[in-house]
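Notes for the structure review
Listed below are the residues making up each chain.
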Amino acid sequence: MKDAGAGLTAEEEKRKRKEEKREKRKQRRSDVGTETEEKAKEDAEQTPSKKGKKDKKSKKSKADTATEDVDNDNNDNTNTITTTITTVTTEEVPPPAANDEESKPEKKDKKHSKKEKKSKIASGEGEEDASGLSKHKSILQKLVKVKTKATLTPAAPEVEEEAIEAKGLEPLPQPAPTKDPKRLAVLASSLPPWLAAPIVVTPATTVPFNGMTGISPKLLTRLETLNLPNAFAVQSAVVPLLLDPKAGDVCISAATGSGKTLSYILPIVQSLSTRVVTRLRAVVVVPTRELVSQVFSTAVSLTSGTGLKVGTGIGSKALAAEQALLIDPDTGSKVDILITTPGRLVEHIKNTPGFCLKWVKWLVIDEADRLLAQSFQEWVDVVVGSIETAAKDQDWGNGLEDVLEDLGINVQAQQIAVRKVVLSATMTKDAGKLAGLKLRRPTMVVVEKPVGADGTAKDDENEDDEDMPEEVFSVPTELREYAIPIVNKEYKPLYLMYLLRNRSIKRGTIVFVKSNEGAARLAKLIDTVVEKIGISKEAGWTTGLVTGEMEKKRREKVLRSFKKDEVQILICSDLISRGLDLPHVDNVVNYDIPSSTRAYVHRVGRTARAGKEGDAFTLVEDKEARWFWRDLVKGIRRREEGVERMAVALEDEGMGWRGAYEECLYG
Ligand SMILES: Nc1ncnc2c1ncn2[C@@H]1O[C@H](COP(=O)(O)OP(=O)(O)OP(=O)(O)O)[C@@H](O)[C@H]1O
């Protein structure tokens, strides 16, 4: 029924109001809908690939929408959820590529919403309360799952479209990763193959010299006469290599006292024994005068009867006198083999008229790690450079060079084919240091116990790599090593004296002290205390001092006395720690701890030489103990027993020595 006054029935009124409301709702919806329609239109216009991207992005936005839905359906805590998810999403989705054609307004919107979210966090609205935490987590996890799926499932067209033409620049196929730790170690090693894979010889190896091809009967007889019928391990590997003219240069790492000198002197003497004219054909470089004298004696003893002449170059000699011994102004070189220090060699190259290296066929660097560490006068460059230049300038005379060239023989290559032999008990594996020597087809020979052969040597696979020293050194297997803890530092000299007396090691003992001055003081102190206590010098308490500060003549005199057993205790600096082959050295005492493992190996190597037994004692102060055990002696390859701790109880020795000692110090 209609209401006449109003003109509309109640039902009509109701319908009208409903219509108005619907209109209003429509209006509201159309405000939002315009944007959606525009987006749909845009989507329709996208390329397939772009669409792929968009699809992926729409998945992302779905996830975001889902979140926003949660936002609207929940309380304020949801802000936090949004924020958290946004963070995750931002991290997981890679940033758009630079050429992404995503519309700028859309970017702006996103930026805007991110800004909004950030500001929520900043204002503290986003803080999560404890009660909502688990719920948030589960929602977050669900959404992350959705997001991850969307990210990990690439749309096929996108991949196709983004594939780049390789043009032959595609990555090379790589070998499967290796699980073998040893191989890994080799791969990781920066060493060149010849250094990384040396010829390894066991120290026990011995071969009769007369079983080797290439040694003349005359030289074999000489070896017999010198009581050297059998080659030591290093000689058994190195002599045949050096006698083979086709083999290249040789680097040798073998323990102290293993016989390295003979391993090169013998092949040199053999190869030069057929020479007709005396010319300088072999140069042996060693670091000290004492070593020059020592190698000189070995060379002279072996060349006896061959007609070969050996000379020396020692800095302490007046240059003019030495020049006269080495050079004849008319005929040239007076020697075939020169044993020299590097400094004096450089002096001769630069200042001696007629000193010529063009016939040199052998260049030996003994104690190489020390010599190569010395840049003195750039000696390596000068020597190697001079040999090369001299060889190139060589005049073969009578057109022989042309004839040889015509025969296809590379004369220059022949001329500069100097055999280089590089040796040390602590050979460097630093290829950079060896580079200056310009080695040709080098071979590395190492004399050491094979790893793991008897269970005593180290097992690489069990090795704690972090503790592995860069270079592993060996000491002779005949060497016994001891460490003596110094409990009372003020009485350190007494520890030495008690050690000498209790162990009866007075005879044939070398005591190493860290400085010239310290060595001199200790020698004086021992002499005075011994005198005060009344121990007779005949009982084996005579000390001798050898330091770098002393004149060469005085040093030689003391060393001679030591060799003759007129001096029983040699107190010295590191000057004689390398290479010296003194007979009857039964003990070495490191009164002061050596500065490095290398120095330790050379010092203790003055005993236990040539297969004989020997003892080495190191006095270790409290503050040095950690370094001594952990760094200094840990990585050395040695006999099974390792370094033994030996206690010296000063108190048990009564007050007699201590009193005498204190009297010496304080008057
Ligand atoms: N084949 C051999 N038979 C017997 N004794 C030998 C033999 N070869 C060398 N020797 C002796 O061994 C001792 C040590 O030799 P050498 O001085 O050459 O050792 P090294 O390896 O050069 O030691 P370092 O690294 O300390 O210089 C010398 O007394 C030498 O005479």
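Residues numbered from 1 in each chain as written. Predicted model: local features only at pLDDT ≥ 70, side-chain atom pairs only at ≥ 80, totals over all residues. Heavy atoms only, no water.

- In the nomenclature of an unreviewed UniProt entry, the protein chain is known as ATP-dependent RNA helicase of Morchella conica CCBAS932.
- Under Catalytic activity (unreviewed entry), UniProt gives the following word-for-word description of the protein chain: "ATP + H2O = ADP + phosphate + H(+)". (UniProt positions renumbered as here; feature names shortened; annotations may be inferred.)

Structural notes on the overall build of the protein chain
- Assigned secondary structure in the protein chain consists of 25 helices and 19 strands.
- Burial analysis of the protein chain (667 residues in total) assigns 42% to the buried set.
- Carbon together with sulfur atoms contributes 52% to the accessible area of the protein chain, which is approximately 37,100 Å² in total. (Helix = DSSP H or I, 4+ residues; strand = E, 2+ residues; numbered from the N terminus. Buried < 20%, exposed > 50% of the residue type's maximum accessible area, 1.4 Å probe, protein only. Areas by Shrake-Rupley, 256 points an atom, 1.4 Å probe, with all protein chains shown as cover.)

Looking at the nonpolar core
- Tyr264 and Leu570 are the most contacted members of the largest nonpolar core, which has 60 residues in total.
- Structurally, this core is a two-domain feature, drawing no fewer than three residues from each of domain 2 (192–392 + 418–447) and domain 3 (479–666).
- Apart from residues lying up to four places away in sequence, Leu570 is in contact with Thr509, Ile510, Val511, Gly544, Val546, Val558, Leu559, Phe562, Ile576 and Leu582. (Core = buried A, V, L, I, M, F, W, Y, C linked by side-chain atoms within 4.5 Å. Domains from an automatic or database assignment. Contact = heavy atoms within 4.5 Å.)

Considering the confidence of the model for the protein chain
- With 65% of its residues at a pLDDT of at least 70, the protein chain reaches an overall mean of 75.
- When the criterion is pLDDT under 50, residues 146–188 qualifies, and its contacts beyond four places in sequence or with other chains add up to 21 contacts.
- Here residues 452–469 is modelled with pLDDT under 50, and outside its nearest four sequence neighbours on either side it reaches 18 contacts, counting other chains as well.
- Scored by ipTM, the complex comes to 0.99, with pTM at 0.69. (pLDDT = per-residue confidence, 0-100.)

Section: the pairing of strand E18 (residues 614–621)
- In terms of burial, E18 is largely enclosed, as 8 of its 8 residues are buried.
- By the bridge criterion, 8 bridges tie strand E13 (residues 479–486) to E18 in an arrangement that is parallel. Bridge pairing in E18 places Ala483 opposite Thr618.
- Relative to E18, strand E17 (residues 587–590) runs parallel, the two being bridged by 4 bridges. Paired with Val588 across the two strands is Ala616, which belongs to E18.
- Tracing the backbone out of E17, into helix H23 (residues 597–604) and back to the parallel element E18 gives a crossover that is right-handed. (Pairing = 2+ DSSP bridges. Right-handed = clockwise from strand over helix to strand, strands pointing away.)

Re the environment of Arg639
- Relative to the elements of secondary structure, Arg639 occurs in the loop between helix H24 (625–632) and strand E19 (643–645).
- Those residues within four positions of Arg639 in sequence are excluded, and the remaining contacts are Thr477, Glu478, Leu479 and Arg480.
- From its side chain, Arg639 meets the backbone oxygen of Thr477 in a polar contact 3.1 Å long. (Polar contact = N/O pair within 3.5 Å; in protein donor to acceptor, adjacent residues only side chain to side chain.)

Section: the pattern of salt bridges
- For the structure on display, the rule yields 21 salt bridges.
- Across the pair Glu448 and Arg637 runs a salt bridge, and its minimum N-O distance is 3.1 Å. Linking Glu448 in the loop between strand E12 (443–447) and E13 with Arg637 in the loop between H24 and E19, this pair joins segments that are 189 residues apart in sequence. For the pair formed by Glu448 and Arg637, the shared burial category is buried.
- Between Arg638 and Glu481 there is a salt bridge whose closest N-O contact spans 2.6 Å. (Salt bridge = Lys/Arg side-chain N within 4 Å of Asp/Glu carboxyl O.)

So, the site of the ligand
- Taken together, the neighbourhood of the ligand is formed by 20 residues, with Asn230, Gly257, Lys260, Thr261 and Asp581 sitting nearest.
- In this structure, a nitrogen atom belonging to the ligand sits 2.7 Å away from a main-chain N or O atom of Asn230.
- Between the ligand and the protein, one listed contact pairs an oxygen atom with a side-chain N or O atom of Thr261 at 2.7 Å.
- Contact with the protein chains hides 82% of the accessible area of the ligand, taken as 640 Å² for the molecule alone.
- At 3 residues, the largest contribution of residues to the shell around the ligand is made by helix H11 (residues 260–272).
- Of the residues belonging to the shell around the ligand, the class tally is 6 nonpolar, 9 polar and 5 charged.
- Viewed by domain, the shell around the ligand spans two of them, domain 2 (192–392 + 418–447) and domain 3 (479–666), each represented by three or more residues. (Near = heavy atom within 4 Å. Nonpolar A, V, L, I, M, F, W, Y, C, P; charged D, E, K, R; others polar.)

So, the sheet that holds strand E9 (residues 337–340)
- Strand order in the open sheet formed by 8 strands is E1-E12-E4-E11-E10-E5-E9-E6, with parallel pairing between adjacent strands. If you trace the sheet from one side to the other, it starts and ends with strand E1 (199–201) and strand E6 (310–313), each paired once. The mean inter-strand angle of the sheet, taken between neighbouring strand axes irrespective of direction, is 15°.
- In this structure, E1 lies alongside E12, joined through 3 bridges in parallel fashion. Directly across from Val201, in E12, lies its bridge partner Val447.
- Along the sheet, H11 contacts strand E4 (250–253), strand E5 (282–285), E9, strand E10 (362–365) and strand E11 (419–424); its crossing angle with E10, the most-contacted strand, is approximately 170°.
- Packing of helix H14 (residues 342–351) onto the sheet brings it into contact with E5, E6 and E9, and relative to E9 it is tilted by some 125°. (Axes fitted to C-alpha atoms, helices over the stretch in contact; angles between N-to-C directions.)

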